[in-house]
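In case you want the letters, here they are:
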Amino acid sequence: MKKEVKTSVEGLEVGMFVSRLDRPWIKTPFDLQGIEIKSAEDIERVKKYCNFVFVDIEQGSSPHPRYWVLDETPRITLDEDENSDPFFHVNQKKDGEVAEYAALRKITYENRARFDAEMGVAEQVHEKIGDHFHQILGDLKLGKALDLEAVKEGISDMVASIVRNPSAMMWVVHIRRLDDYTYTRSLGSSVWCATFGRHLGLDEQDIEMLALGGLLLDLGKSMLPLGLLMKPGSLTPEEKKKMDTHVDLGIRILAKTTRAPAVKQVLPLGVMQMIATHHERFDGSGYPQGLDNHKIPLFGRIAGIVDSFDAMTSRRPYVSDGPLSPHDAVNELYEIRGTKFQSELVEQFIQTVGVYPTGSLVELNTGEVGAVVATNGLRRLRPSVMLLLDENKQPISPFRYVNLFKLGDEVAVLHGLPSGAFGINMDELFL
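Attention here is on the structure that accompanies the text. (Residues numbered from 1 in each chain as written. Predicted model: local features only at pLDDT ≥ 70, side-chain atom pairs only at ≥ 80, totals over all residues. Heavy atoms only, no water.)

What follows is about the pattern of salt bridges. Side-chain pairs of opposite charge can arise where the charged atoms are in close proximity. All chains considered together, the criterion is met by 15 salt bridges. Measuring nitrogen to oxygen at the nearest pair gives 3.9 Å for the salt bridge that ties Lys 295 to Asp 292. A salt bridge links Lys 393 to Glu 363; the nearest nitrogen and oxygen atoms lie 3.1 Å apart. Of this pair, Lys 393 sits in the loop between strand 8 (379–389) and strand 9 (395–403) while Glu 363 sits in strand 6 (residues 361–364); the two residues are 30 residues apart in sequence, bridging distant segments of the chain. A relative accessible area of 24% means that Lys 393 is categorised as partly exposed. (Salt bridge = Lys/Arg side-chain N within 4 Å of Asp/Glu carboxyl O. Helix = DSSP H or I, 4+ residues; strand = E, 2+ residues; numbered from the N terminus. Buried < 20%, exposed > 50% of the residue type's maximum accessible area, 1.4 Å probe, protein only.)

Among the structural elements, Asp 310 can be located in helix 12 (residues 298–312). Placed 16 residues apart in sequence, Asp 310 and Pro 326 show a C-alpha to C-alpha distance of 8.9 Å. At 3.2 Å, the side chain of Asp 310 forms a polar contact with the side chain of Trp 192. (Polar contact = N/O pair within 3.5 Å; in protein donor to acceptor, adjacent residues only side chain to side chain.)

Before going further, it helps to spend a moment on the sheet that holds strand 6. Sheet architecture is open: 5 strands sit in the order 9-8-7-6-10, paired in antiparallel fashion. Strands with a single pairing partner mark the edges of an open sheet, and in this sheet they are strand 9 and strand 10 (413–417). Recorded for the sheet is a direction-independent mean angle of 40° between the axes of neighbouring strands. Relative to strand 8, strand 7 (residues 369–376) runs antiparallel, the two being bridged by 6 bridges. Residue Val 372 lies in a different strand from strand 8, and its bridge partner there is Val 385. On the sheet, helix 5 (residues 166–175) packs against strand 7 and strand 8 and is oriented at approximately 140° with respect to strand 7. (Pairing = 2+ DSSP bridges. Axes fitted to C-alpha atoms, helices over the stretch in contact; angles between N-to-C directions. Contact = heavy atoms within 4.5 Å.)

Structure below.
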């Protein structure tokens, strides 16, 4: 059991462990896994941002009762494993909800390949699965059966790359934003789903299921008029209603084609459920069924977060504003956690992609500018960066890699930058 005590920051002492704040973690420089108070400086840093905090008295000493804030009683939550990821220490009212996440984690993955070494493989896999997907769309439009074997072969190769080092595939997907919107979005969703599954500790079979579902999420759009898909500007209510039918269209297509005699394997039920529910929302505001909370299958909840993130960071014909930077998209997701999406899953997705996700442009406190190429686990504010501009904003040649986690506190991200800042076009730089 874990006990938290809500206390004024005036009651903080060395030896305490701060497990929650009075404001969102993402609005502070602190790491999501909590704050171990080791010095007076740590206390002052917390005081700078917070008025009260929650202290975990199982991981450290307890504050004096005179500092307790008694407008709510200390919370008791289940700990599945005292050394597990903070995801499994979430404050839930139902024990079953905690158990749901604890049951997920089967494997703790570590990178088995360097980023630069995996890049070549990731590019080849990206091209291969892209060819497969184009063939899928062409076949379906001609009424042919889904070649599930070919799809799964590409998915298997992609997941293998992500398991070795997810940063390489995430980087390739980010910089290869092609004009074919449906293709780019589908592959991006597939990669993010697989990377999220890896972070959650799923086995490779489940990760492949997530990746397959991610690839096929918007398959139904292939049956909609091209004029609707490519319409510039906002959709009318009637057009929006038509666009929303892509979920049912996708399920109908897959149900029909996967039953065809030429298809040797049946699409897993979990993939079908994932596609059917990826536009449902945690507060019941989604479609087509208006499901809420845990009535939405877990893979559907995961897909909803991923699909939204990828949509925010992609160029969409019917959205007049340009794509959000990955950093801004993460902040947008955080703002709608607990309403549109389940809070715990959003927080885990942020740990997956980082506050400055792969592909983000950032400015360092040195004045240098670079692109994030890899995140560092829970150290969400200290990614690995490819430096593009020096402190005078002049191009660096050749580009230089720095791992901020290894550099300590002297060099840090000052802030995220919008896409295209300082005239940087990563498509031109790296394609």
